[in-house]
Amino acid sequence: MPTELRVLDDGAWVSVDNERRVPTSDVWRFAATDFCACATAFVLLEAFTDVGVQGCEVTVDGVGRCVDCGEKHAFSGLGVGRVLEGSFRPYPPDGVRAGSEPTV
Amino acid sequence: MATDVEEWKAEVYGTDIREHVERFAEEGWASIPDEERDAWFERFKWYGLYHQRAGQESYFMMRIGTPGGVLEPGQLRVVGEVAKEYATGPVSNPEFGDAWADFTTRQSIQLHWIKVEDIVDVWDELESAGLSTVQACGDSWRNIVSCPVAGKDANEHVDALATVHEFQREFKENDRYRNMPRKWKVAVTGCREGCGQGDINDLAFEPASKDGVDGYNVRVGGGLARNEPRLARDIDVFVPHERAAAVADGMSALFEEYGNREDRYSARIKFLVDEWGAEKVRRVLEEEFVDFELQSAGEGFRESYSYNAGRDGDGHDDHVGVHSQADGTNYVGLNVLVGRMGVDDVLELADLADEYGSGEVRLTQRQNVVVTDVPDEDLDDLLAADLLDDYEPDPSPFMRGSIACTGTEFCSLSIVETKNRMVRYARHLRDTVSLPDEVEDFHVHLSGCTASCAQPQIADVSLRGMKTRKDGEPVEAFDLGLGGGLGENPRFADWVGERIPADEVPGAIANLVETYEREREGAETFRDFVERHDESDLEDLVEPEETSYEDPMMHNTKRTWYPYAEDDDMAASPAPTDGDGVPLDAATGDDSAPADD
């Protein structure tokens, strides 16, 4: 059965198969993306605007702010987890994942 | 392309939802099909039910709409009884105990920890007292706000309550507008002080006269959410009382027809007013949605608006304290810190209202309560009641001015913990910071996110949930704004302090107050003082620092199942539970996946 993905409640969370699996409010680390001038950007995800898939990875578009320098950007394609054998496995926000960082 | 929400609404919405809720209540939480939960929980909102955040599955927030904030005699007692029986969660809140009622900035009441199995019983009890949860959330005609002392105030221009009741009958007690593109917030003001806060509503009726006829001027497209605050725009329309409902009907139909259904982020009518301009809104309303010629705006009272204005003057900034009613009795406004009252206190307040007033209690947009119809001879006894030690009619300005939204305790949208933190802030400021003696009002509005449920942009000090890093670790924080307020010249706060760690906010406020006291000119209010400075100066005035204030909720409270539980880890959550509160599924292990596995 295909995985159902959607953004709900004013972009507050991502629903995966009718469960709230990825919330805003977490601080994610971006090391490979030029989100701001910080070497590693610690980005508060403020709102999601879209959710999609790339291969088995679930990706989100949204708006975030670096909690160190204050730079705010829209981003797209942030990997937030994988669907493995039909079930969603979220990434922890505090890992550095060069391969699944978004474009800004 | 239609959004999922629009598709769900097209299938089942409005009063058709009720029979499904009744079925789920009878058959239990597990009967809600897994693959339909997003759809059902979106629909439930129309009936005032909001699924609590992740970690609290199977529990709901229930919102009760009280038109104009009026709780008729007997209704508050039922709210207290219902809260005591059904709104008790798995663990206590350290400040508020096992159960409570939240009084909101839209004069509504919110109960938490309601189980789906209990919803119908709760509805039965509420409805037997004339209370309703219909259209309290979702894409609907939300609770109609008004002057909380409409019909009682000795100085009001018109009694807005008659209009509120007419709107209630026409638009709330049916599903005539079952398919609005987005929420629809309506304010009716009848006083000369602006207590309805029409400027921040989608549709505002403001007191006015024209050619000797009393009625309302109409404004459209106000709102605070999503970092896109707007003041309602003047569409140059005066409407006499008897035609107010026709104009409300026409504006609702206009929004229903032309509101954006493709993008929920841009669906509120404020964006349509941005796009069209006030003149086109007026023209389309007249040409397509009313069958009479609209009159141009009448003479209003905006120059005397004092509510939540932060100015020096005779008018009310709020309704706290003892005030005369037109009929010779009095109303007594009691401060409810952050709008939350424990159930035993709710029931005691109902007793006091019965004993010393008419039994009626009203709710204000500043999250406070008003006991009405108190004769002069009973005032002293009411004021001497023990309950008023905690819900004071003459509180410290910091206690009186504090407003907070629900926050991460229950809300999916919030970034930070709010209510308990605001309680701690207010008490700390009361105990350690002094304002000039004559300053009675100092408004601090704390909102957990940009949804702005605590109306942060219209306060002396505006706080909006954020994160920062402290000692290398992400911590809860706030952006700080200054200069907001309503009144004759309403304006929104400028966000002059960013990402202040939550434990340094009281220090920042203390330093602001100290500068204000030292540098104010004459009897200048804080808002006047702020307006005398430019943004760069104000940024320099915000000096966060640690003080004796301690904050136990600096960690990521959204990632707890309940921030105040002894074991707050998500895995320790008892949810979802059955109707008796027994966990349904203990198998909630860590299923996270590192990206590189």
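Concerning the overall build of chain A
Phase 1 of the analysis: Of the regular secondary structure elements, chain A holds zero helices and eight strands.
Phase 2 of the analysis: Taken from the N to the C terminus, the helices and strands of chain A come in the order β-β-β-β-β-β-β-β.
Phase 3 of the analysis: With respect to the principal axes defined by its C-alpha atoms, chain A has extents near 45 × 25 × 20 Å.
Phase 4 of the analysis: For chain A, buried positions account for 57% of its 104 residues.
Phase 5 of the analysis: Pairs at least 24 apart in sequence give 42% of the contacts found in chain A among residues at least 6 apart.
Phase 6 of the analysis: Of the roughly 4200 Å² of accessible surface on chain A, 47% is carried by carbon and sulfur atoms.

Some points on the packing of helix α4 (residues 75–86) of chain B against helix α5 (residues 119–128) of chain B
When two helices pack together, their arrangement is captured by the angle between the axes and the distance separating the axes.
Residues and elements named next belong to chain B.
Phase 1 of the analysis: Relative orientation of the contacting elements α4 and α5 amounts to 165 degrees, with a least axis distance of 10 Å. Taken together, the axes of α4 and α5 lie roughly antiparallel to each other. Crossing hand, α4 versus α5: right-handed. Here Val78, Val82, Glu85 and Tyr86 of α4 come into contact with α5, specifically with Asp121, Val122, Glu125 and Leu126.
Phase 2 of the analysis: Among the residues forming the contact of α4 with α5, the class breakdown is five nonpolar, no polar and three charged.

Describing the packing of helix α1 (residues 4–11) of chain B against helix α3 (residues 37–44) of chain B
All names here are of chain B.
Phase 1 of the analysis: Here α1 crosses α3 at 75 degrees, and the two axes come no closer than 10 Å. By the criterion of interaxial angle, the relationship of α1 to α3 is roughly perpendicular. In this structure, α1 uses Val5, Trp8 and Glu11 to contact α3, whose residues at the interface are Asp38, Ala39, Glu42 and Arg43.
Phase 2 of the analysis: The class makeup of the residues in the contact of α1 with α3 is three nonpolar, no polar and four charged.

Notes on the pairing of strand β19 (residues 461–470) of chain B
For a regular strand, side chains alternate in direction, first toward one face of the sheet and then toward the other.
Residue and element names in this part refer to chain B.
Phase 1 of the analysis: Where burial is concerned, most of β19 is hidden: nine out of the ten residues are buried.
Phase 2 of the analysis: Pairing between strand β18 (residues 444–447) and β19: four bridges, direction parallel. Among the inter-strand pairings, Ser447 is bridged to a residue of β19, identified as Arg464.
Phase 3 of the analysis: Relative to strand β20 (residues 473–482), β19 is paired through ten bridges, and the arrangement is antiparallel. If you follow Ser462 over to β20, its bridge partner there is Gly481.

Comments concerning the interface of chain A and chain B
Phase 1 of the analysis: If you look at the interface, chain A gives 41 residues, while chain B gives 42 residues.
Phase 2 of the analysis: For the chain A and chain B pair, buried surface summed over both sides reaches about 3200 Å², with 43% attributable to carbon and sulfur atoms.
Phase 3 of the analysis: Counting across the chain A and chain B interface gives nine salt bridges.
Phase 4 of the analysis: As a salt-bridge pair, Asp68 of chain A and Arg469 of chain B come within 2.7 Å of each other at their nearest N and O atoms.

Digging into the pattern of salt bridges
Phase 1 of the analysis: Evaluation of the coordinates by the stated rule reveals 60 salt bridges over all chains.
Phase 2 of the analysis: Linking Glu57 of chain B and Arg20 of chain A is a salt bridge whose minimum nitrogen-to-oxygen distance equals 3.5 Å. Linking Glu57 of chain B in the loop between β1 (49–51) and β2 (59–64) with Arg20 of chain A in strand β3 (residues 19–23), this pair reaches from one chain into another.
Phase 3 of the analysis: Linking Lys9 of chain B and Glu6 of chain B is a salt bridge whose minimum nitrogen-to-oxygen distance equals 2.9 Å. Separated by three residues within a single helix, Lys9 of chain B and Glu6 of chain B lie in helix α1, roughly one turn from each other.

Some details on the packing of aromatic side chains
Phase 1 of the analysis: Applying the stated criterion to the full structure yields 35 aromatic pairs over all chains.
Phase 2 of the analysis: A ring pair is formed by Phe24 of chain B and Trp40 of chain B, whose centres lie 5.3 Å apart and whose planes are at 75 degrees; its orientation type is edge-to-face. Here Trp40 of chain B lies in helix α3 and Phe24 of chain B lies in helix α2 (residues 17–27), a separation of 16 residues in the sequence. Side by side, Phe24 of chain B and Trp40 of chain B carry an identical accessibility label, which is buried.
Phase 3 of the analysis: Following the ring pairs from residue to residue traces out a cluster consisting of Tyr59, Trp100, Trp113, Phe410, Trp561, Tyr562 and Tyr564 of chain B.
Phase 4 of the analysis: Its guanidinium or amino end placed over the ring of Trp13 of chain A, Arg20 of chain A lies 5.6 Å from that ring's centre, counting from NZ or CZ.
Phase 5 of the analysis: Positioned over the ring face of Trp29 of chain B is Arg37 of chain B, at 4.3 Å from the centre of the ring.

Things to note about the environment of Glu303 of chain B
Phase 1 of the analysis: Within the secondary structure layout, Glu303 of chain B lies in the loop between β11 (299–300) and β12 (321–324).
Phase 2 of the analysis: Each C-alpha atom, one on Glu303 of chain B and one on Glu293 of chain B, is 28 Å from the other, the two residues being ten residues apart in sequence.

So, the domain arrangement of chain B
Residues and elements named next belong to chain B.
Phase 1 of the analysis: Segmentation of chain B into domains returns domain 1 (4–128), domain 2 (150–304), domain 3 (321–397) and domain 4 (399–541).
Phase 2 of the analysis: Look at where the C-alpha atoms of domain 1 and domain 3 centre, and you get two points 27 Å apart.
Phase 3 of the analysis: Listed by partner, the interface residues are 27 residues for domain 1 and 24 residues for domain 3.
Phase 4 of the analysis: Both sides of the domain 1 and domain 3 interface together cover about 2200 Å² of buried area, and 60% of this is carbon and sulfur.
Phase 5 of the analysis: Contact with domain 3 buries area across many residues of domain 1, yet Leu76, Arg77 and Phe103 alone supply 31% of it, more than any other trio.
Phase 6 of the analysis: When the shortest N-O distance is used, the salt bridge between Arg77 and Asp351 registers 2.9 Å.
Phase 7 of the analysis: In this assembly, domain 1 and domain 3 are joined by ten residue pairs in polar contact (both at pLDDT 80 or more).
Phase 8 of the analysis: Listing elements by their share of the side of domain 1 that touches domain 3, those giving two or more residues are β3 (70–71), α4, β4 (100–103) and β5 (109–115).
Phase 9 of the analysis: Examining the composition of the side of domain 1 that touches domain 3, we find that six residues originate from one element, α4, more than from any other.

Remarks on the side chain of Asp9 of chain A
Phase 1 of the analysis: By secondary structure assignment, the location of Asp9 of chain A is in the loop between β1 (5–8) and β2 (13–16).
Phase 2 of the analysis: Engagement of the side chain of Asp9 of chain A in a polar contact is seen with the side chain of Tyr50 of chain B, the distance being 3.4 Å.
Phase 3 of the analysis: Other than its neighbours up to four places away in sequence, Asp9 of chain A contacts Glu42, Lys45, Tyr50, Ser412 and Leu413 of chain B.

Section: the sheet that holds strand β7 (residues 72–84) of chain A
Residue and element names in this part refer to chain A.
Phase 1 of the analysis: Across the sheet, which stays open at both edges, the five strands sit in the order β4-β5-β6-β7-β8 with antiparallel pairing between neighbours. What marks the edges here is a single partner per strand, and that holds for β4 (27–30) and β8 (87–90). This sheet shows a mean twist of 50 degrees between the axes of neighbouring strands, independent of strand direction.
Phase 2 of the analysis: In this structure, strand β6 (residues 57–66) lies alongside β7, joined through eight bridges in antiparallel fashion. The residue bridging Thr59 from the neighbouring strand is Gly79, located in β7.

Here we look at the nonpolar core
Residue and element names in this part refer to chain B.
Phase 1 of the analysis: Grouped together as the largest cluster of nonpolar side chains are 65 residues, with contacts concentrated most on Tyr425, Phe442, Val461, Leu463, Leu480 and Leu482.
Phase 2 of the analysis: It is helix α15 (residues 505–519) that provides the largest number of residues to this core, a total of six residues.
Phase 3 of the analysis: Domain assignment of the residues forming this core places at least three in each of domain 1 (4–128) and domain 4 (399–541).
Phase 4 of the analysis: Beyond its immediate sequence surroundings of up to four residues, Leu463 is in contact with Tyr425, Val444, His445, Leu446, Ser447, Pro456, Phe478, Asp479, Leu480, Trp495 and Val505.
Phase 5 of the analysis: Leu71, Leu76, Ile109 and Val346 belong to the second-largest nonpolar core, a separate cluster that totals 59 residues.

Rules used in this analysis
- Residues numbered from 1 in each chain as written.
- Chains lettered and ligands numbered in written order.
- Predicted model: local features only at pLDDT ≥ 70, side-chain atom pairs only at ≥ 80, totals over all residues.
- Heavy atoms only, no water.
- Helix = DSSP H or I, 4+ residues; strand = E, 2+ residues; numbered from the N terminus.
- Buried < 20%, exposed > 50% of the residue type's maximum accessible area, 1.4 Å probe, protein only.
- Contact = heavy atoms within 4.5 Å.
- Areas by Shrake-Rupley, 256 points an atom, 1.4 Å probe, with all protein chains shown as cover.
- Axes fitted to C-alpha atoms, helices over the stretch in contact; angles between N-to-C directions.
- Parallel < 35°, antiparallel > 145°, perpendicular 65-115°, else oblique.
- Left-handed = near helix turned anticlockwise from the far one by under 90°.
- Nonpolar A, V, L, I, M, F, W, Y, C, P; charged D, E, K, R; others polar.
- Pairing = 2+ DSSP bridges.
- Buried area = accessible area lost by both parts, 1.4 Å probe.
- Salt bridge = Lys/Arg side-chain N within 4 Å of Asp/Glu carboxyl O.
- Phe/Tyr/Trp six-rings, centres within 6.5 Å; stacked < 30°, edge-to-face > 60°.
- Lys NZ or Arg CZ within 6 Å of the ring centre and 35° of its normal.
- Domains from an automatic or database assignment.
- Polar contact = N/O pair within 3.5 Å; in protein donor to acceptor, adjacent residues only side chain to side chain.
- Core = buried A, V, L, I, M, F, W, Y, C linked by side-chain atoms within 4.5 Å.

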